[in-house]
Each structure stands twice: as C-alpha cells, then as structure tokens.
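# Analysis of the macromolecular model
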Amino acid sequence: NEEAALIAYENGELDMTPIPVTEVATFEGSDEQVRTAQHNTIGLQFNVTREPFDNADVRKAFSAAIDRETFINSVRGGVGIATTSWLPPGIPGYNPDRGKDYAFNADNAKQFLEDAGFPDGEGLPDINVMVGDSQSEKLNAEFVQEQIKQNLGIEIGVDILESATFEDRFLSSDFQVTLGGWFGDYADPENWLPSQWTTDSGNNISLYSNPDFDELMEQAASELDAENRIGLYAQAEAILIDTDHAFAPIYHNDRNWLVKPWVDGLEATEADSETPGDWFFSRVRILEH
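Because the structure is a prediction, the values reported are computed rather than measured. (Residues numbered from 1 in each chain as written. Predicted model: local features only at pLDDT ≥ 70, side-chain atom pairs only at ≥ 80, totals over all residues. Heavy atoms only, no water.)

### Thoughts on the overall build of the chain
On a plain count of helices and strands, the chain comes out with 10 helices and 11 strands. Against the globule reference of 19 Å for 289 residues, the chain gives a C-alpha radius of gyration of 20 Å, in line with a compact fold. For the chain, the spread of C-alpha atoms along the principal axes amounts to about 65 × 50 × 30 Å. Burial status across the chain gives 49% buried among its 289 residues. Excluding contacts between residues fewer than 6 apart, the proportion of contacts in the chain whose partners are at least 24 apart in sequence is 71%. When the accessible area of the chain is evaluated, it comes to approximately 13,000 Å², of which 46% is carbon and sulfur surface. For the chain, the separation between the mean place of its 17 positive charges and that of its 54 negative charges on side chains is 3 Å. (Helix = DSSP H or I, 4+ residues; strand = E, 2+ residues; numbered from the N terminus. Rg over C-alpha atoms; globule rule 2.2 N^0.38 Å. Buried < 20%, exposed > 50% of the residue type's maximum accessible area, 1.4 Å probe, protein only. Contact = heavy atoms within 4.5 Å. Areas by Shrake-Rupley, 256 points an atom, 1.4 Å probe, with all protein chains shown as cover. Lys, Arg positive; Asp, Glu negative; His and termini not counted. Charge placed at Lys NZ, Arg CZ, Asp CG, Glu CD.)

In structure tokens:
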C-alpha cells in the first residue's frame, strides 16, 4: 500500500518508497525525489476467453475509448508516457507506431463496438474491471470506467479487491479485464513476448493463443542472426497488438520514488524492477544519520 508506505517513510521507518500518484505534485522537485525511466508497459489486460473480450473488436473498442494523454496528466500527475505499443522504449524492436489504429478516438471506438455486434453497447454482458485496493488502482479504474461511459455509452463496474484476493484471481485468470502489464527483467524482446503470450506459457495470464504467434516465437528462439531475430519478434508483436489486440497498452511508467539522503551509492537504471537501483544494491551504503 503506497499510501501507508509514504507515512512510514515520513516517520523514518523506511529509507525508500514510491510516491503515490495522489502525492506527485507534493514531492515534485524534492531533493529526495528519484525519477527514472522504466522498462514497463501498463494497460487493459483482458482475459481473451471471457465474454465479451473473447471478441477482438470489443478489445479494440475499449482501447480506442481511452484518452491516454488525459490519463497520464489527470490521474498520474504527469508521470509516464502514453503508448499503444507493448514493447517499451529502450527494448530492441520498439516501434512507437505499434497499435496506433487503436489510439484514442471515440468515433473509432464506437465503430469497433458496432463491428463486434454490439451497436451502442446493445447486447453486451455485464462488465467489471478488477483492481487492487490501493488508492492509485481505484483512481485508475474510475478513470477507465468514466472513459467507457463517456466514449462508448456503456456502464461498467469496478471490483476492488484486497491484495491477496486480487493476486489469487489474477494469477488464475479469474477476471474479465484488469489493469496489468509487464516490468522488464532485461532489455530484450525475448523477455517481453514468449513467456507472456505463447499458448500455455507460464505468464500468459490473458490466456491468449495464436498459432502464428507461437510459430514466430519458436523461430526466434533458435535464430542466431540478431537482426533477423528482432524482426521475428516485431512480426509477433504486430500479431499480438495490431491484429489481435490481445492487450491494450496505455502507458510506460516512470519510477517516481523518495529516497532518504543517507542512502548512498544508489544507481537507478531502466532495467531495474519496480525498485530503483536494485541491479546495484551491492554498491549502496546507509550512511550514519
């Protein structure tokens, strides 16, 4: 819980903590602020086997109904980069034009919904967005809820779950749609595509399956020429995002943390996980204070 962690940080109980999106303005420019780019992508994560998101045009409709720039500015305090691509900047093969057909456009969103067989939302089943119970997740879900109502004319619900229940349901793919994504472990598309999207792979939370995608992953796994290998991953991302739109990217996040002045030697990189500097924690010292 980022809000509770911030209180602990201010009480001297933590040396580092993320800045909640509700407090971005409060700490912007602080001497203790550490803000760095991050290899990650966050967006609408669909269970592509659950109605109505087993229909690609419904997924495209929801994606085109989200104003990503407004989301970054009004909900996240300007922290992050709006996107329609799965691969983030800094990963070989990154293409900023990936998914542009599903960028925010209310007219397109309504047309996609009509193409799906649900004109003006008629005939859609009940839809709920599943999120955790942190304040930032609630704000994210409320924004999505309002965007879908405003741009598609559809009322959707929000399931707010405590963290353990959320994790259980997420890992068992027990949801229609949630806000999810991926934090990179290393700067290569091999870390972003096979394990998350290949049929029956361990991290395929969305239950996505496309034999053409799977075949490209097999080819890439044994391709020794670097340029050809990156090209195979690019073809696979095009199937995933441009053709099937199995995931609706919304933003690439920045790490935005507070770090006490006695934390010495912290070196943040784009390849860090959620915690800045974790690749080089062996170099960090806690100075006397």
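### Quick notes on the environment of Ala-236
By the secondary structure assignment, Ala-236 is in helix α10 (residues 226-243). Judged by relative accessible area, which is 0%, Ala-236 ranks as buried. It is 8.0 Å that separates the C-alpha atoms of Ala-236 and Asp-212, two residues lying 24 residues apart in sequence. Not counting the four nearest positions on each side in its chain, Ala-236 is found in contact with Phe-213, Leu-216 and Met-217.

### Details of a negative patch on the surface
Together, Glu-114, Asp-115, Asp-120 and Glu-122 make up a region of like negative charge exposed at the surface. Secondary-structure assignment places Asp-120 in the loop between α5 (106-115) and β5 (128-132). (Patch = residues over 30% accessible without salt bridge, like charges linked within 9 Å, V, L, I, M, F, W, Y side chains within 5 Å. Salt bridge = Lys/Arg side-chain N within 4 Å of Asp/Glu carboxyl O.)

### Regarding helix α9 (residues 211-222)
Between its first and last C-alpha atoms α9 spans 17 Å; for 12 residues at 1.5 Å apiece the expected length is 16 Å, and the two agree. For α9, the full list of buried residues reads Phe-213, Asp-214, Leu-216, Met-217 and Ala-220. In an axial view of α9, the angular spread of the buried residues amounts to 160 degrees, which keeps them on one side of the axis. With respect to the buried face of α9, the exposed residues turned more than 90 degrees away are Pro-211, Asp-212, Glu-218 and Ser-222. Between the side-chain oxygen of the N-cap and the backbone nitrogen of Asp-212 there are 2.8 Å, and the N-cap of α9 in question is Asn-210. (Expected span 1.5 Å × (residues − 1). Arc of directions from axis to C-beta. Polar contact = N/O pair within 3.5 Å; in protein donor to acceptor, adjacent residues only side chain to side chain.)

### Side note on α5
Every buried residue belonging to α5 is among Ala-109, Phe-112 and Leu-113, and all of these are buried. The buried residues of α5 occupy one face: seen down the axis, they fall within an arc of 100 degrees. Close packing links the buried residues of α5 with α3 (56-64) and α6 (135-152). Within two residues after α5, Gly-117 carries a phi angle of roughly 100 degrees, on the positive side.

### Things to note about the sheet that holds strand β2 (residues 33-37)
In space, the three strands of this open sheet follow the order β1-β9-β2, with antiparallel pairing throughout. At either end of the open sheet lies a strand with only one pairing partner, and these are β1 (16-18) and β2. Within this sheet the neighbouring strands show an average axis-to-axis angle of 30 degrees, counted without direction. Examined bridge by bridge, β1 and strand β9 (residues 254-259) share three bridges and lie antiparallel to one another. (Pairing = 2+ DSSP bridges. Axes fitted to C-alpha atoms, helices over the stretch in contact; angles between N-to-C directions.)

### Notes on the pairing of strand β8 (residues 247-252)
For β8, the tally of buried residues reaches six of six residues, placing the bulk of the element in the interior. Looking at chain direction, strand β3 (residues 40-46) and β8 are connected through four bridges and run antiparallel. Across the sheet, residue Leu-44 finds its bridge partner in β8, namely Ala-248. Where strand β4 (residues 81-82) lies against β8, two bridges are found, and the strand directions are antiparallel. Looking at the pairing, Ile-81 lines up with His-252 of β8.

### Quick word on the side chain of Lys-60
Looking at where Lys-60 falls in the secondary structure, it is placed in helix α3. Buried and unpaired, Lys-60 has Asp-57 as its nearest opposite-charge partner, separated by 4.1 Å.

### Considerations on the sheet that holds strand β6 (residues 157-161)
Pairing between the strands of a sheet comes from backbone hydrogen bonds, and it takes one of two forms, parallel or antiparallel. Strand order in the open sheet formed by six strands is β4-β8-β3-β7-β5-β6, with mixed pairing between adjacent strands. The open sheet has two edge strands, β4 and β6, and neither has a second partner. Bridging between β5 and β6 involves five bridges; their strand directions are parallel. Note on β6: the bridge partner recorded for Val-129 is Val-158. The sheet strands contacting helix α4 (residues 68-75) are β4 and β8, and the helix crosses β8 at an angle near 45 degrees.

This is a description of form; function is not addressed.
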